[in-house]
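Residue-level listing of the chains:
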Amino acid sequence: MPELPEVETVRAGLARELVGKKVKAAPVSDGRSTRRHPSAKDFRALLEGRTVKSVERLGKYLACALDNGSHLVIHLGMTGQLLKAKNAKVPKPKHTHVVLQLSSNEEIRFADQRTFGEMFVSLPVGEGEEVPISRFARLAIGGNGLNLRSRVRELAHLGLDPFEDQVGWDRFVAITRSRHVPLKALLTDQEILSGLGNIYADEVLFSAGLRYDRPCDELTTVEARRLHRTIPEVLSEAIKAGGTTLSDEMFVDLEGAPGRYQNQLQVHTREGEPCPQCRTPIERVVFRDRSTYFCPRCQS
DNA sequence: CAAAATTCCTGACTGC
DNA sequence: TGCAGTCAGGAATTTT
């Protein structure tokens, strides 16, 4: 459930708490969270003793640059949480799978009930090594060779990030015409656009006045431009509100505080409630095995 | 090749 | 009270 606004909220917290600190030890109690490494030992060996230089975000991924050129990459999956603790004595939350023990004696705990999330250390890209970048990511990277995609090979496949890669409407319109899928499938395909998930795809489509099942290559130029403009508008409002915490209370920031954007959702999780624009009841349909909420009157 | 379906996972909730 | 069934969905993998 963490999507771009939630991940950005966590990034800002990590930038405050982690930058300049050394990871003394990183014990792993559930290897599923470090599954990209052959064993938890390998993960620990690559991370322990390293100092964090910066914390970046691309799509729903976090990448902490380390002092030897590696990156600690984190994805929260559905239920992943990063929680700060003053010291090791503070009781660990349920489902804590990895603990970053810092030189300050503080800890960052990674808890993840459903284990869809992960952490891994990405080794530096060698000199002259070419990282294969997808067609859509190439549109995003432009002439920027310092882009995170070229420094972290595991993130090279990610499509346009609405904030990290700001493409003009003409390029965006071309992207909407490059595939023939329902609009919501386009918005949530991380290899085309990165950062949108089920919640914000619904919210963006409502704000743009477009139905989830419109074929993406049949939008008029005016409609595609409206969509292009709406994406960063909705996401930046959600970031301002600290992200969305639904009733499962799975998303919290580093301090354990929930977001506030759930109070501003226009349609998502609001089945049967009146549309904020026209008072028509919001509908819920199952689309591609996921819930989709929309206004049948305002969205076409 | 693109698009759609399946799989992973656990806790909350529903109905009997 | 217990218990089987259902639901939630990000992304890798498999199938069409």
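Thresholds applied
Residues numbered from 1 in each chain as written. Chains lettered and ligands numbered in written order. Predicted model: local features only at pLDDT ≥ 70, side-chain atom pairs only at ≥ 80, totals over all residues. Heavy atoms only, no water. Pairing = 2+ DSSP bridges. Helix = DSSP H or I, 4+ residues; strand = E, 2+ residues; numbered from the N terminus. Axes fitted to C-alpha atoms, helices over the stretch in contact; angles between N-to-C directions. Domains from an automatic or database assignment. Buried area = accessible area lost by both parts, 1.4 Å probe. Salt bridge = Lys/Arg side-chain N within 4 Å of Asp/Glu carboxyl O. Polar contact = N/O pair within 3.5 Å; in protein donor to acceptor, adjacent residues only side chain to side chain.

Enquirer: Mind showing me how you'd approach the sheet that holds strand S7 (residues 107-112) here?
Expert: Working definition: the strands of a sheet are paired by backbone hydrogen bonds and lie parallel or antiparallel to each other. If you trace the four strands from one edge of the open sheet to the other, you get S1-S6-S7-S5, paired in antiparallel fashion. Pairing within the sheet leaves two strands with one partner each, and these edge strands are strand S1 (23-25) and strand S5 (80-85). Across the sheet, the mean angle separating the axes of adjacent strands is 30 degrees when strand polarity is ignored. Relative to strand S6 (residues 96-102), S1 runs antiparallel, the two sharing two bridges.

Enquirer: I tried to follow the domain arrangement of chain A on my own but got confused; where do I start?
Expert: It is common to give the size of an interface as the accessible area that goes away when the parts come together. We note that the domain assignment places domain 1 (4-124) and domain 2 (169-294) within chain A. When the two sides are added together, the surface that domain 1 and domain 2 hide from each other amounts to roughly 1600 Å², 67% of it contributed by carbon and sulfur. Linking domain 1 to domain 2 there are one salt bridge. Across the salt bridge formed by Glu255 and Lys84, the nearest N and O atoms sit 3.8 Å from each other. Remark: the boundary between domain 1 and domain 2 carries six residue pairs in polar contact (both at pLDDT 80 or more). At the level of elements, helix H1 (4-18) and S5 are the ones that each hand at least two residues to the side of domain 1 that touches domain 2.

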